[in-house]
Amino acid sequence: MASVTYRNVIKKFGEVYAVNNLNIEIADKEFLVLVGPSGCGKTTALRCLAGLEEVTSGEVLIGDQVVNDVPPKDRDIAMVFQSYALYPHMSVFDNMAFGLKLRKVPKDEIKRRVEEAAQILGIEHLLKRKPRELSGGQRQRVAVGRAIVREPKVFLFDEPLSNLDAKLRVQTRAEISKLHQRLQTTFIYVTHDQTEAMTMATRIAVMNKGILQQLDTPQNLYDTPGNLFVAGFIGSPSMNFFPAKLEKADSKLVVKADGFSVNIPDDRAQPYYPLVGKEIIFGIRPEDIHNPTFLPPGIHASNVEAKVDVTELMGNEIFLYLVSGKDSYIARVDPRTRFAIGDKVQVAFNMDKFHIFDPSVDRENPPAVR
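Thresholds applied
Residues numbered from 1 in each chain as written. Predicted model: local features only at pLDDT ≥ 70, side-chain atom pairs only at ≥ 80, totals over all residues. Heavy atoms only, no water. Core = buried A, V, L, I, M, F, W, Y, C linked by side-chain atoms within 4.5 Å. Buried < 20%, exposed > 50% of the residue type's maximum accessible area, 1.4 Å probe, protein only. Contact = heavy atoms within 4.5 Å. Salt bridge = Lys/Arg side-chain N within 4 Å of Asp/Glu carboxyl O. Helix = DSSP H or I, 4+ residues; strand = E, 2+ residues; numbered from the N terminus. Phe/Tyr/Trp six-rings, centres within 6.5 Å; stacked < 30°, edge-to-face > 60°. Lys NZ or Arg CZ within 6 Å of the ring centre and 35° of its normal. Pairing = 2+ DSSP bridges.

### A word on the nonpolar core
Generally speaking, a soluble globular protein has its nonpolar side chains buried in company with each other.
Now for step 1: Among the nonpolar cores identified, the biggest contains 46 residues, and M96, Y189 and V206 are the most heavily contacted of them.
Now for step 2: In contact with Y189, other than residues within four places in its own chain, are F31, L32, V33, L34, F157, P160, L161, I176, E196 and M200.
Now for step 3: Counting 32 residues, the second-largest nonpolar core is a separate cluster that includes F282, V308, A331 and F354.

Here's what the structure looks like:
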């Protein structure tokens, strides 16, 4: 088992920075997820660790060893790709054993490792089949099994669930989490799906345009995003954002947007006094906008008038697409709500859960104000 460290890692393709000064320390046995939109540098960072890309500058360490010049086959890592990359003419057993045969591992040891990995993954009854006889989920398990038999120090996963249907993704996601708990090995997992990241990771590294935006636990990323990009990327549906101005009225701090005004509770007002009179970005998650009739107890709520644009019944909740002034936004409300398209309604913002961003500091990724 081993820790992994990215130390000032830069990877350029021509003049383009795919990874820009990446610094991450991944503890032994940790499950770290690299997440971000397509082209953010997460897969390139993984390939630099695997040795499939040469870093432009900086150091990649596995344990205490700098591996920049170590060939991929000697880095003691195993990688699972988006494509299953199975040999169609080989059985499941032979696909899983192939890498061990190349390393001239004794036959008895190969048999032990393959059967043990197959049992872990619940595919022991498939060992004699060919890949064409398997479902997509079974093929992906074979690909994971091929990595397990290597008994590597570090597992690397590059969007391994992208080719699976929605139900199978949920099931396989849980299997990979259980696999990590069972193997007690370092897992580094790349995905663009923030739901995968939130449900699987010990910590999440959010990347954008080659730059690490924030590294924290899933709950901390959700509760205290470091900037506007992280706030909008983590959470589904994503956080609502409103251009607004912060004003002081009758000893109260008031957020004034185009279509509404809401008061900031006194116990949360102190950090925002330096922004009085300034343009801000006000953020609130859809799940923190309620139907006032079904308001959770004990919260500071401010009512906002809105027009219902679209409704989506999800069974356990309703998504409301609302308009206030020039601003469109989404609310996740109680399923007993009976709002209809075109209705003018009142919704309640939970002012214990809002976020404020200061665009004057960084126009591209305004930081959160605490």
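There is more to say, and it comes next.
### So, the pattern of salt bridges
A side chain with one charge can pair with a side chain of the opposite charge if their charged atoms come near.
Now for step 1: Counted according to the given criterion, the structure contains 19 salt bridges.
Now for step 2: For the salt bridge of E30 with R203, the shortest nitrogen-to-oxygen distance reads 2.5 Å. Of this pair, E30 sits in the loop between β2 (16–26) and β3 (31–35) while R203 sits in strand β9 (residues 203–208), placing them 173 residues apart in sequence.
Now for step 3: A salt bridge links E287 to R332; the shortest N-O distance between them is 3.8 Å. Within this pair, whereas E287 is found in the loop between β14 (279–284) and β15 (289–290), its partner R332 is found in strand β18 (residues 327–333), the two being separated by 45 residues in sequence.
Now for step 4: By relative accessible area, which is 22% here, R332 ends up partly exposed.
Now for step 5: Bridged by salt links that share partners, the residues E109, R112, R113, E116 and E151 form one connected network.

### Examining the packing of aromatic side chains
Now for step 1: Throughout the structure, instances matching the rule amount to 19 aromatic pairs.
Now for step 2: Both rings, one in F241 and one in F357, keep their centres 5.9 Å apart while their planes meet at 75°; by these two values the pair is edge-to-face. On the criterion of sequence distance, the pair formed by F241 in strand β11 (residues 240–249) and F357 in strand β20 (residues 355–357) is long-range, its members being 116 residues apart.
Now for step 3: On the accessibility criterion, F357 (0% relative accessible area) is buried.
Now for step 4: Within the aromatic cluster, the residues linked to one another by ring pairs are F242, F260, Y272, F282, Y329, F349 and F354.
Now for step 5: Over the ring of F13 we find K11, and its NZ or CZ is 4.9 Å from the ring centre.
Now for step 6: Looking at R285, its charged tip hangs above the ring of Y222, at a distance of 4.2 Å from the centre.

### Quick look at the sheet that holds β15
Now for step 1: A sheet is described by the order of its strands in space; here five strands give the open sequence β15-β19-β16-β17-β18, paired in antiparallel fashion. Two strands in the sheet have a free side with no partner beyond their single neighbour: β15 and β18.
Now for step 2: Here β15 pairs with strand β19 (residues 344–350) via two bridges, running antiparallel. In the sheet register, I289 faces β19, and the bridge partner there is F349.

Interpretation in functional terms is not warranted from these geometric data alone.
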